[in-house]
Amino acid sequence: IVLQRADPLYRATRRHYDDLEARYGQPVVSLSLIKSHERRERELLLQREFAAAVAHLNSCAAELSRERLLLLHWDMAQYARRRERDVVAALMPVAAAAVDRTRLFTRGARRRPPPPGALAIAEGDLAPRPPSTPRIISATDWRQRGVLRPNCIACRDRTNVAQFVRGVAALR
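These numbers were taken from a predicted model, which means no experiment stands behind them.

Next up on the list: unusual backbone geometry. With an omega dihedral of 5°, the bond running from Gln26 to Pro27 counts as a cis peptide bond. By the secondary structure assignment, Pro27 is in the loop between helix H1 (11-24) and strand S1 (28-32). Positioned with a positive phi, Tyr10 is a non-glycine residue whose angle comes to about 55°. Tracing the chain through its elements places Tyr10 in the segment before H1. Exposure remark for Tyr10: the relative accessible area of 9% places this residue in the buried category.

And the structure:
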């Protein structure tokens, strides 16, 4: 991996995080799952550069009256090398803290169930749908205010595990 200093002000990174803030609000929590222990430095180079980019953006945060980006780094691959270690259990406190901080959009009220037999399958065809019922907004609605953004290099497994654990934390 060869890094070039084409953007010393990290404008592309700033645009990405500005977009996340515009869509989800603050705080933006980055969970970096990039390896930090390698015999031959590959991902480690990118992890250092990512940390430098976040540090640069945070140095400008006060001038722009913005909340600092939160960067959490955890080398999941290194942790998971031992089979007796439970990656989900280890990641759960981080995910729970992120859910408490950023929340998730949820709806407290549920639609009323359709009448019995309304969704029956008759001779291979779906029966007509029941008429829609109005949504009832509950006092238990929860609005998202921020986002947890896991990132990894060329490994969707790590990212998917992080998102799965976040979902489990939100359901608890």
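Looking now at the sheet that holds S1. Strand order in the open sheet formed by three strands is S2-S1-S5, with parallel pairing between adjacent strands. In this open sheet, the two edge strands, each paired with only one partner strand, are strand S2 (70-73) and strand S5 (147-151). When strand polarity is set aside, the average angle formed by the axes of neighbouring strands in this sheet is 20°. Judged from the five bridges that link them, S1 and S5 form a sheet pairing that is parallel. When the sheet's bridge partners are listed, Ser30 is paired in S5 with Arg149. Of the strands in this sheet, S1, S2 and S5 touch helix H2 (residues 43-61), which is tilted by about 160° from S2. Against the sheet, helix H5 (residues 156-171) makes contact with S1 and S5, and its axis sits at roughly 155° relative to S5, the strand it touches most.

About the criteria used
Once a new chain begins, its residue numbering starts again from 1 and follows that chain's sequence as written. Residue-level local features of this predicted model are given only where pLDDT is at least 70; pairs of side-chain atoms are given and counted only at 80 or more, and the full residue set underlies all totals for whole chains, interfaces and linings. Calculation of side-chain values draws on the structure's entire complement of heavy atoms; hydrogens and water are dropped beforehand. Only runs of H or I of at least four residues qualify as helices and only runs of E of at least two qualify as strands under DSSP, and these elements are numbered from the N terminus. The classification of residues rests on relative accessible area computed with a 1.4 Å probe and restricted to protein chains. Under 20% of the type maximum is buried, over 50% is exposed, and intermediate values are partly exposed. By this definition, two strands are paired if DSSP reports at least two bridges between them. Only the stretch in contact is used when fitting a helix axis, every axis being a line fitted to C-alpha atoms; angles between N-to-C directions are given from 0 to 180 degrees. Here, residues are in contact when the closest pair of their heavy atoms is within 4.5 Å.

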